[in-house]
Amino acid sequence: MRAGHAGYDFSGRVAVVTGGTGGFGEAIARRLLAAGATVVLWSLREQAAQAVALVLAAEAGVAAGAGERLWVQRVDVTDEAAVAAATQAIAERYGHVDTLVNNAGILGPVVNTWEHTSEQFRRVIDVNLTGAFICCRVIVPWLLKNPAGPWRGRIVNVASIQGKEGMPQAAAYAASKAGLIALTKTLGKELATSGILVNVITPAAAMTAMAGELTEERKQAILDRIPMGRFLQVDEVAAQVAWLCSADCSFATAAVFDLSGGRATY
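Residues numbered from 1 in each chain as written. Predicted model: local features only at pLDDT ≥ 70, side-chain atom pairs only at ≥ 80, totals over all residues. Heavy atoms only, no water.

Unusually for a residue other than glycine, Gln169 sits at a positive phi of about 65°. Within the secondary structure layout, Gln169 lies in the loop between α5 (162-165) and α6 (171-190). If you check the backbone angles, Ala254 has positive phi at about 55° while not being a glycine. Following the sequence through the fold, Ala254 ends up in the loop between α8 (234-245) and β7 (255-259). (Helix = DSSP H or I, 4+ residues; strand = E, 2+ residues; numbered from the N terminus.)

Right, dumping it as structure tokens:
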């Protein structure tokens, strides 16, 4: 599967990218689409996702819509019935599903742990962790229907460096991402001999729409933790995800890949 954009050719591959309107999701979709993949964007913000799709389609010179190489579906990842229906529709239109990138997530409150409400905490866990679990639970059986071999499917989960080290005033977010890391390790081990590789990335902060929810003081506190002295670029996330989705990634599964600018300590 070498050749094409940045050394990868994903022609014939069908990739689901959740959180398709976010900075990471858009960059990941752009990278996979440019390398030949068929990309299905899942988002609750359908109008925003359609706007993103128009930009991506124009850049790649492809059509957007059901059955084309770029398709937007309105999907709530916390709704298992909706996830199952969307996946069924993908399989009916394209014949198979190969790749899942669990990128959907919300930040939640930036307050001390004891100041989180239970409702806020549960909502963050529901989207960031349970939503990823639901997507895996629904899509893995479809991946297992693909022909056996070393490239039967790929799952990439987008966690956060906060899931490894925690951060003050981010209890719900950090806990959800720590859980996503553990889910990845478990599922990766369960599928280790199947030809389906499951990995997780733990990026530091990037200046995406989610970062726009932070105060300047909070942004500076985060930046001060990064030895490289800058924020992550979304294209750097997309490059890491592309490798994890490729055949070049052949012996890494249940693994954690940092994109922290030196922030990670383990």
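Having seen it, we continue.
Let us now look at the pattern of salt bridges. Overall, the coordinates contain 8 salt bridges when judged by the stated rule. Between Glu59 and Arg30 there is a salt bridge, and its shortest N-O distance comes to 2.6 Å. With Glu59 in helix α2 (residues 46-60) and Arg30 in helix α1 (residues 23-34), this residue pair connects regions lying 29 residues apart in the sequence. For Glu59, a relative accessible area of 48% translates into the label partly exposed. With its nearest N and O atoms 3.8 Å apart, the salt bridge here joins Glu165 to Arg225. Here Glu165 is found in helix α5, whereas its partner Arg225 is found in the loop between α7 (216-223) and α8, with 60 residues between them in sequence. We classify Glu165 as partly exposed; its relative accessible area is 30%. (Salt bridge = Lys/Arg side-chain N within 4 Å of Asp/Glu carboxyl O. Buried < 20%, exposed > 50% of the residue type's maximum accessible area, 1.4 Å probe, protein only.)

Close contact between α1 and α8 brings their axes to 8 Å; oriented N to C, the two are set at 50°. Regarding the angle of α1 to α8, the classification is oblique. Classified by chirality, the crossing of α8 by α1 is right-handed. Of the residues in α8, those touching α1 at Gly23, Phe24, Ala27, Ile28, Arg31 and Leu32 are Val234, Asp235, Val237, Ala238, Ala239, Val241 and Ala242. Taken together, the residues of the contact of α1 with α8 break down into 10 nonpolar, 1 polar and 2 charged. (Axes fitted to C-alpha atoms, helices over the stretch in contact; angles between N-to-C directions. Parallel < 35°, antiparallel > 145°, perpendicular 65-115°, else oblique. Left-handed = near helix turned anticlockwise from the far one by under 90°. Contact = heavy atoms within 4.5 Å. Nonpolar A, V, L, I, M, F, W, Y, C, P; charged D, E, K, R; others polar.)

Moving on to the packing of helix α3 (residues 80-94) against helix α4 (residues 118-143). Where α3 meets α4, the closest approach of the two axes is 9 Å, and the angle between their N-to-C directions is 30°. Comparing their axes, α4 and α3 come out roughly parallel. When you trace α3 past α4, the crossing you get is right-handed. Facing α3, whose interface residues are Glu80, Val83, Ala84, Thr87, Gln88 and Ala91, α4 presents Ile134, Cys135, Arg137, Val138, Ile139 and Trp142. Grouping the constituent residues of the contact of α3 with α4 by class yields 8 nonpolar, 2 polar and 2 charged.

Look at α3: 21 Å from first C-alpha to last across 15 residues, which is about the 21 Å you get at 1.5 Å a residue. For α3, the complete set of buried residues consists of Val83, Ala86, Thr87, Ile90, Ala91 and Tyr94. Down the axis of α3, the buried set is contained in an arc of 140°. They therefore lie on one face. Counted as exposed and oriented over 90 degrees from the buried face of α3: Ala81 and Glu92. (Expected span 1.5 Å × (residues − 1). Arc of directions from axis to C-beta.)

All right, on to the environment of Ala175 then. As for its position among the elements, Ala175 is in helix α6. Classification of Ala175 as partly exposed rests on a relative accessible area of 34%. Along the primary structure Ala175 and Gly163 are separated by 12 residues, whereas in three dimensions their C-alpha atoms are 6.2 Å apart. The contact partners of Ala175, leaving out residues within four places of it in the chain, are Phe121, Ile125 and Ala170.

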